[in-house]
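So the chains spell out like this:
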Amino acid sequence: VLNSGKKVSMLIGAGALGASEEVMEAADLLGAGVAKALLGKAALPDTLPFVTGSIGLLGTKPSWDMMMECDSLLVVGSSFPYSEFFPKEGQARGVQIDIEARMLSLRYPMEVSLHGDSALTLRKLLPMLKRKTDRSWREKIEKNIKEWWKVLESRAMNSANPINPQRIFHELSPRLPENCILCADSGSSTNWWARDLKIRKG
């Protein structure tokens, strides 16, 4: 299913937190972009050029565009519940990995459901994946992401009295200490946490 796709998108969640290396390798082979459910925000750094950021109501435009245009979907360790942010049914062929069997094909009709730990299952899957030689889909995703970060930066630089909240999160990202733990409350701050905060490795 994944080898036949020309435009592969990935969605990862909390179940991918221990499978970062495997997710990166799969994304590289498939020429895919990777969107993240909020619970999986720390699974991959936002500094990677193919990470589209959050998905959903608090998601990014690159994540939305990727899901709306893909022909294949690989979901790893996510029970993201909002089906309107998935590709339209019939648009994309789906493959899902989840440690909870009851979550398989629950949010989107999957052609292949793989019951298991994300890292272990991806390790078994990776040797079966063929590297996409046409990288135009991946290049388009990376271009969209680059433009999106510029949009967010320009919004953060808009002046406000007393301060633009987006600016706080924009400035916070490079100042975060290594291996810190971040907690987000609900409310408008969740918007900035989801979209503007750049998670680094660790």
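Structure first, text after, so check above.
Below: a short report on this structure. (Residues numbered from 1 in each chain as written. Predicted model: local features only at pLDDT ≥ 70, side-chain atom pairs only at ≥ 80, totals over all residues. Heavy atoms only, no water.)

**What about the packing of helix α5 (residues 165-172) against helix α6 (residues 188-195)?**
- Closest axis-to-axis distance for the α5/α6 pair is 10 Å, and the angle between their directions is 35°. Judged by the sense of rotation from one axis to the other, the crossing of α5 with α6 is right-handed. Where α5 abuts α6, its residues Pro165, Gln166 and Phe169 lie against Ser189, Trp192 and Trp193.
- Class assignment of the residues belonging to the contact of α5 with α6 gives a composition of four nonpolar, two polar and no charged. (Axes fitted to C-alpha atoms, helices over the stretch in contact; angles between N-to-C directions. Helix = DSSP H or I, 4+ residues; strand = E, 2+ residues; numbered from the N terminus. Left-handed = near helix turned anticlockwise from the far one by under 90°. Contact = heavy atoms within 4.5 Å. Nonpolar A, V, L, I, M, F, W, Y, C, P; charged D, E, K, R; others polar.)

**So, the pattern of salt bridges**
- Scanning all chains against the criterion turns up 15 salt bridges.
- Salt-bridge contacts for arginine 123 lead to glutamate 22; the nearest nitrogen and oxygen are separated by 2.7 Å. With a gap of 101 residues between them, arginine 123 in helix α3 (residues 118-125) and glutamate 22 in helix α1 (residues 20-30) connect regions that are remote in the sequence.
- Arginine 123 gets classed as partly exposed once you look at its relative accessible area, which sits at 47%. (Salt bridge = Lys/Arg side-chain N within 4 Å of Asp/Glu carboxyl O. Buried < 20%, exposed > 50% of the residue type's maximum accessible area, 1.4 Å probe, protein only.)

**Thoughts on the packing of aromatic side chains**
- Using the criterion set out here, one finds five aromatic pairs in the structure.
- Between phenylalanine 80 and tyrosine 82, the aromatic rings sit 5.5 Å apart at their centres with planes inclined by 75°, giving edge-to-face as the arrangement.
- For phenylalanine 80, a relative accessible area of 9% gives the class buried.
- The exposure class assigned to tyrosine 82 is partly exposed, which follows from its relative accessible area of 46%.
- Three or more aromatic residues link up through ring pairs in this structure, and these residues are Trp64, Phe80, Tyr82, Phe85, Phe86 and Tyr108.
- The positively charged end of lysine 41 is found above the aromatic ring belonging to tryptophan 193, 5.8 Å away from the centroid.
- Between the NZ or CZ atom of lysine 198 and the centre of the ring of tryptophan 149, over which it lies, the distance is 4.4 Å. (Phe/Tyr/Trp six-rings, centres within 6.5 Å; stacked < 30°, edge-to-face > 60°. Lys NZ or Arg CZ within 6 Å of the ring centre and 35° of its normal.)

**Quick word on the packing of α1 against α3**
- Packing of α1 against α3 leaves a shortest axis separation of 9 Å and a crossing angle of 35°. In this structure, the crossing between α1 and α3 has a hand that is left-handed. Across the interface between the two elements, Glu22, Val23 and Ala26 of α1 pack against Ala119, Leu122 and Arg123 of α3.
- Here the residues of the contact of α1 with α3 are counted per class, giving four nonpolar, no polar and two charged.

**Points about the layout of surface pockets**
- One number sums up the size of the largest pocket: a volume of about 330 Å³.
- Taken together, 17 residues form the lining of the largest pocket, with Ala42, Cys180, Leu182, Ile199 and Gly202 sitting closest to its centre.
- Across the lining of the largest pocket, the residue classes tally to 10 nonpolar, two polar and five charged.
- Considering only enclosed or pocket space, the second largest pocket measures out at about 240 Å³ in volume.
- Taken together, 17 residues line the second largest pocket, and the ones lying closest to its centre are Ala14, Leu39, Gly77, Ser78 and Ser79.
- Grouping the amino acids of the lining of the second largest pocket by side-chain chemistry returns eight nonpolar, seven polar and two charged. (1 Å grid on protein atoms, 1.4 Å probe; cavity = no way out; pocket = protein on both sides within 12 Å on 5 of 7 lines; lining within 4 Å. Points joined across faces, edges and corners; volume = space filled by probe spheres on them.)

**Quick word on α6**
- All of the buried residues in α6 are Thr190, Trp193 and Ala194. All buried residues of α6 lie within an arc of 95° about the axis, which places them on one face of the element.
- Residues of α6 that are buried sit in contact with β3 (51-54) and α5. (Arc of directions from axis to C-beta.)

**Re the sheet that holds strand β4 (residues 72-76)**
- The strand order β3-β2-β1-β4-β5-β6 describes an open sheet built from six strands, whose pairing is parallel. Every interior strand has two partners, whereas the edge strands, β3 and β6 (112-115), have only one. Pairwise comparison of adjacent strand axes, ignoring direction, gives a mean angle of 15° for this sheet. (Pairing = 2+ DSSP bridges.)

**Points about the pairing of strand β2 (residues 33-36)**
- Going residue by residue along β2, you find Gly33 and Ala35 tucked away on one face and Val34 and Lys36 tucked away on the opposite face as well.
- In this structure, strand β1 (residues 8-12) lies alongside β2, joined through four bridges in parallel fashion. Residue pairing across strands places serine 9 opposite glycine 33, the latter belonging to β2.
- Each parallel crossover has a hand, and the one from β1 via α1 to β2 is right-handed.
- Bridge count for β2 against β3 is three bridges, and the pairing is parallel. Directly across from alanine 35, in β3, lies its bridge partner glycine 53. (Right-handed = clockwise from strand over helix to strand, strands pointing away.)

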